[in-house]
Amino acid sequence: MGVLPVPAEVRAILLDIEGTTTPIAFVQETLFPYIKDNVKEYLRAHWEEEECQRDVGLLRKQAQEDSSLDGAVPIPLESGSGEEELERVIQAVVDNVHWQMSLDRKTTALKQLQGHMWRAAYATGHVKGEIFEDVVPAIRKWREAGIKVYIYSSGSVEAQKLLFGYSTEGDILELFDGHFDTKIGPKVESESYRRIAASIGCATNNILFLTDVPREANAAEEADTHVAVVIRPGNAGLTDDEKSYYSLISSFTELFLPSST
């Protein structure tokens, strides 16, 4: 690793989040534990709200679909009134959420509740999005050079905007020209990168994609997108073949932009 020249045709830089702009530990040790530790309190506080009831309804529907799975947790309907009955249903929702998270599931129902809980946590200052210290200065430099900057993460666009809107660096949403999540397609499929290129109005070889995951880098490369694999503390190790094949950086400062003259 050292200085990595950015190809002259690059007009946009596409960034992964976890392990690229943000420590993997932030997601694993802050975001997900926050849900587990606070879901019961959140449900009690917001139970009567329409949004919370929609979230519970989605979770209940998902629980019905999961009923044949080993260890699945059903969520009963409220059959009456009273504190005891309410606690019974809330506890079932809590147990269901914990079960889904223990399997690292990414159901729409779970992601929706998590998103709403994180929104409240960010807004009240209980959580701040962690950003590696080299990220913001580098992005400012890229933008000054006329390069557009986009995010592509498996986390929802809403979750992305919360992380960067309430970050350790303040609100840095202005630094990004757009956000993509897996609604555009899976990150390990080359067609997703073609769709992103079409969406932002350029060719795939006008994009440089930075990620910590070789399978994602491979998919982007298949679409003729430039790639570099980011080595950060806590990221999964690379094989010797991956280390020798991919361009590697450990900091965004290692990207060298071509002269604009």
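Residues numbered from 1 in each chain as written. Predicted model: local features only at pLDDT ≥ 70, side-chain atom pairs only at ≥ 80, totals over all residues. Heavy atoms only, no water.

If you look the protein up in an unreviewed UniProt entry, it shows as ENOPH phosphatase from Peucedramus taeniatus.

**Some thoughts on the packing of helix H3 (residues 83-102) against helix H4 (residues 108-123)**
Running from amino to carboxyl end, H3 crosses H4 at an angle of 110 degrees, the nearest separation of the two axes being 11 Å. Considering the angle they form, H3 stands roughly perpendicular to H4. Contact residues: H3 offers Val 97, Gln 100 and Met 101, while H4 offers Leu 110, Leu 113 and Gln 114. Its residues assigned to classes, the contact of H3 with H4 comprises 4 nonpolar, 2 polar and no charged. (Axes fitted to C-alpha atoms, helices over the stretch in contact; angles between N-to-C directions. Helix = DSSP H or I, 4+ residues; strand = E, 2+ residues; numbered from the N terminus. Parallel < 35°, antiparallel > 145°, perpendicular 65-115°, else oblique. Contact = heavy atoms within 4.5 Å. Nonpolar A, V, L, I, M, F, W, Y, C, P; charged D, E, K, R; others polar.)

**Some thoughts on the nonpolar core**
Of all hydrophobic cores here, the largest spans 59 residues; its most connected members are Leu 15, Leu 43, Trp 47, Val 97, Trp 142, Phe 176 and Leu 210. For this core, the element with the most residues is helix H1 (residues 24-46), which contributes 8 residues. Counting the residues that make up this core, at least three belong to each of domain 1 (4-22 + 129-256) and domain 2 (28-124). Those residues in contact with Trp 47 that lie beyond four places of it in its chain are Cys 52, Gln 53, Val 56, Glu 78, Leu 86, Val 89, Ile 90 and Val 93. One finds Tyr 152, Phe 209, Ala 220 and Val 229 within the second-largest nonpolar core, a separate group that totals 21 residues. (Core = buried A, V, L, I, M, F, W, Y, C linked by side-chain atoms within 4.5 Å. Buried < 20%, exposed > 50% of the residue type's maximum accessible area, 1.4 Å probe, protein only. Domains from an automatic or database assignment.)

**Notes on the domain arrangement of the protein**
Domain annotation of the protein identifies domain 1 (4-22 + 129-256) and domain 2 (28-124). Both faces considered, domain 1 and domain 2 share a buried interface measuring about 680 Å² in area, 60% of it formed by carbon and sulfur atoms. For the domain 1 face of the interface with domain 2, the top three residues by lost area are Glu 158, Leu 162 and Tyr 166, together amounting to 57%. Joining domain 1 to domain 2, the criterion identifies 1 salt bridge. Two residues, Arg 119 and Glu 158, come together in a salt bridge whose shortest N-O distance is 3.8 Å. Here domain 1 is connected to domain 2 by 1 residue pair in polar contact (both at pLDDT 80 or more). Looking at the side of domain 1 that touches domain 2 residue by residue, the classes come out as 3 nonpolar, 3 polar and 3 charged. (Buried area = accessible area lost by both parts, 1.4 Å probe. Salt bridge = Lys/Arg side-chain N within 4 Å of Asp/Glu carboxyl O. Polar contact = N/O pair within 3.5 Å; in protein donor to acceptor, adjacent residues only side chain to side chain.)

**A closer look at the pattern of salt bridges**
Inspection of every chain in the model, using the stated rule, returns 14 salt bridges. Arg 44 is the salt-bridge partner of Glu 87, the closest N and O atoms lying 2.8 Å from each other. Taken together, the positions of Glu 87 in helix H3 and Arg 44 in helix H1 put the pair 43 residues apart, joining distant regions of the chain. Taking the shortest distance from any N to any O, the salt bridge between Glu 51 and Arg 119 comes out at 2.5 Å. Of this pair, Glu 51 sits in helix H2 (residues 50-65) while Arg 119 sits in helix H4, placing them 68 residues apart in sequence. For Arg 119, a relative accessible area of 32% gives the class partly exposed. Residues participating in the shared-partner salt-bridge network are Asp 16, Lys 187 and Glu 216.

**Here's the deal with the pairing of strand S6 (residues 226-230)**
Buried residues dominate S6, accounting for 4 of its 5 residues. With 4 bridges joining them, strand S5 (residues 207-211) and S6 adopt parallel strand pairing. Paired with Phe 209 across the two strands is Val 227, which belongs to S6. Regarding the hand of the β-α-β motif, the stretch spanning S5, helix H8 (residues 214-222) and S6 is right-handed. Bridge count between S6 and strand S7 (residues 248-249): 2 bridges; the pairing is parallel. By the bridge assignment, Val 229 is partnered in S7 with Leu 248. Regarding topology, helix H9 (residues 240-245) serves as the crossover connection from S6 to the parallel S7, and that connection is right-handed. (Pairing = 2+ DSSP bridges. Right-handed = clockwise from strand over helix to strand, strands pointing away.)

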